[in-house]
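Reading the structure
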Amino acid sequence: MNQDARPLIRVVAGVVLNHDGDYLLSSRPEGKPYAGYWEFAGGKVEPLENEMDALKREFAEELGITIHRAVPWLTKIHAYEHAHVHLRFFRVAADDWSGRLQAKEGQQWSWQRAGDFTVSPMLPANDALLKALAVPTELFGRLNTGLRGENRMGEYRVVPFAQAEPHHENVWIDENELARRGKLPEAKSVWAVIDEAAQWPRVQDADVVLWRVADNTAAEAVCALLTEGVSLPLAVYADAALMRRFAERWRAAGVHALVLNDETAPV
Ligand SMILES: Nc1nc2c([nH]c(=O)n2[C@H]2C[C@H](O)[C@@H](COP(=O)(O)OP(=O)(O)OP(=O)(O)O)O2)c(=O)[nH]1
C-alpha cells in the first residue's frame, strides 16, 4: 500500500524509438534533483494541460523535436525524497516524431539498445521499465510449446516453466500455478499468464503479464484495464480472428505486446 501522503505530481515521459529500434535517453540537467541521472525526456504536466500537450511541450523545450503521435505505455508511482510522482510513459514510434535533436538544456542524449543500456546512473523509478523494453512487441507461437519473437539482441523465446531448461531465460507460468507455488520461478524474466481481470492484482511481481484472450468479452476487459493504466507490461495472447478485430484498440490503449496464437493457422 502506498503510505506517502504527499500530493502526487503528474509527470509524462516519452520512450522514443529511431528506425534502428534504439531508444532515446537523456541526462537530467544541472540544477534539477538527480542531475546527471539518465531518464526518458519529459517533465511535469502543468495545471490545465493534458498529458499529450505536456509531452509535446517537454520534447520541444528539452530536445527541439516534434512529437506527432504517442501511445500510452506504463504508469508508475514513485516516492522520491524530493517528490511523490505519478509517471505516465508514452511510446513514440520512429515515424511519429520529427526534427533534429538538440540538447537545449545542456543535457546529454544517447540512443540505446534495449537489453544493453550503456549509460548510467538511471533514475531509480526506471529500472523495471528498462527491462520491459527488451520484451518484443510482437510474438507468436503456442503457449504449450513456446512463444517466439525478436528484440535488438536477437531471438527471444518464452517457454513453459514446467519444460524450462537452465539455458531458457524467459518462462511463462499460469497464475493458478504461481499461487500454488507461492513465489516466482527463477528466470531472467517471468511471464505470468492470466485469463481474467480478477487475476491482475495477484501477478504484480511478474516481469510481464500475458492475458490469454478467448472471446470478445475478455478482449473488451483488456481495453478497460489498459485504459485505467498498467504498471507492468501487458501482453495479449489471441488467435488471428481476435487480433484482426482488436489489435488496433489494444495498441492505442497501451498494450506492450501482441502474441499471435498460431494454433489454428494452416501448417
Ligand atoms: N522526465 C522524466 N522524469 C522522470 C522519469 N523517471 C522518473 O522517476 N522521473 C521523475 C523525476 C522527477 O521527480 C519527475 C520529473 O520532474 P522534472 O523535475 O524533470 O520536471 P520538469 O522538467 O517539468 O522540471 P521543472 O520545470 O519543474 O524544473 O519525474 C523519466 O524517465 N523521465
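Residues numbered from 1 in each chain as written. Predicted model: local features only at pLDDT ≥ 70, side-chain atom pairs only at ≥ 80, totals over all residues. Heavy atoms only, no water.

Some details on helix 5 (residues 240–253)
One full turn of an α-helix is made of 3.6 residues, so residues set three or four places apart face in the same direction. For helix 5, built from 14 residues, the straight-helix expectation of 20 Å at 1.5 Å per residue is met to within 8% by its first-to-last C-alpha distance of 19 Å. Where helix 5 bends most, at Phe-246, the angle is about 55°. Restricting attention to buried positions, one finds in helix 5 the residues Leu-242, Met-243, Phe-246, Ala-247, Trp-250 and Ala-253. Contact partners of the buried residues in helix 5: strand 6 (71–79), helix 4 (216–228), strand 16 (234–238) and strand 17 (257–261). Following helix 5 by one or two positions, Gly-254 adopts a phi angle in the positive range, close to 115°. (Helix = DSSP H or I, 4+ residues; strand = E, 2+ residues; numbered from the N terminus. Expected span 1.5 Å × (residues − 1). Bend = angle between axes of the 7 residues up to and from the residue. Buried < 20%, exposed > 50% of the residue type's maximum accessible area, 1.4 Å probe, protein only. Contact = heavy atoms within 4.5 Å.)

Some remarks on helix 4
In this model, helix 4 (13 residues) spans 19 Å end to end at C-alpha, consistent with the 18 Å of a helix rising 1.5 Å per residue. Three or more residues of helix 4 are buried, namely Ala-218, Ala-219, Val-222, Cys-223, Leu-225 and Leu-226. All buried residues of helix 4 fall inside an arc of 165° around its axis, so they share one side. In helix 4, the exposed positions that point more than 90 degrees away from the buried face belong to Thr-217, Thr-227 and Glu-228. If you follow the buried residues of helix 4, they end up packed against strand 15 (208–212), strand 16 and helix 5. Count one or two residues on from helix 4 and you reach Gly-229, which has phi positive near 105°. (Arc of directions from axis to C-beta.)

Some thoughts on the site of the ligand
Of all residues adjacent to the ligand, which total 19 residues, the nearest are Lys-32, Phe-40, Lys-44, Tyr-80 and His-82. A distance of 3.3 Å separates an oxygen atom of the ligand from a polar side-chain atom of Glu-58. In this structure, Asn-126 approaches the ligand through a side-chain N or O atom, which is 2.7 Å from an oxygen atom. Here the ligand loses 83% of its free accessible area of 640 Å² to cover by the protein chains. Among the secondary structure elements, those contributing two or more residues to the shell around the ligand are strand 1 (9–16), strand 4 (42–44), helix 1 (51–63) and strand 7 (84–92). (Near = heavy atom within 4 Å. Polar contact = N/O pair within 3.5 Å; in protein donor to acceptor, adjacent residues only side chain to side chain. Areas by Shrake-Rupley, 256 points an atom, 1.4 Å probe, with all protein chains shown as cover.)

Section: the domain arrangement of the protein
Domain parsing of the protein yields domain 1 (9–132) and domain 2 (138–264). A straight line from the C-alpha centre of domain 1 to that of domain 2 covers 26 Å. Of the residues lining the interface, 17 residues belong to domain 1; the matching set on domain 2 comes to 15 residues. Surface buried jointly by domain 1 and domain 2 totals about 1,300 Å² across both partners, of which 47% is contributed by carbon and sulfur atoms. Where domain 1 touches domain 2, the interface holds two salt bridges. Of the charged contacts in the structure, one is a salt bridge between Lys-131 and Asp-207, with a shortest N-O distance of 3.0 Å. Across the contact surface, domain 1 and domain 2 share nine residue pairs in polar contact (both at pLDDT 80 or more). For the side of domain 1 that touches domain 2, the secondary-structure elements that each account for two or more residues are strand 6, strand 7 and helix 2 (127–132). Along the lines of polarity and charge, the residues of the side of domain 1 that touches domain 2 split into six nonpolar, three polar and eight charged. (Domains from an automatic or database assignment. Buried area = accessible area lost by both parts, 1.4 Å probe. Salt bridge = Lys/Arg side-chain N within 4 Å of Asp/Glu carboxyl O. Nonpolar A, V, L, I, M, F, W, Y, C, P; charged D, E, K, R; others polar.)

Some thoughts on the nonpolar core
Grouped together as the largest cluster of nonpolar side chains are 56 residues, with contacts concentrated most on Phe-40, Trp-200, Val-213 and Trp-250. The two domains that each donate at least three residues to this core are domain 1 (9–132) and domain 2 (138–264). In contact with Phe-40, not counting residues within four places along its chain, are Ala-13, Gly-14, Val-15, Leu-24, Leu-25, Phe-89, Asn-126, Leu-129, Leu-130 and Leu-133. By size, the runner-up hydrophobic cluster in this structure holds 16 residues, among which are Val-16, Leu-24, Ala-41 and Phe-90. (Core = buried A, V, L, I, M, F, W, Y, C linked by side-chain atoms within 4.5 Å.)

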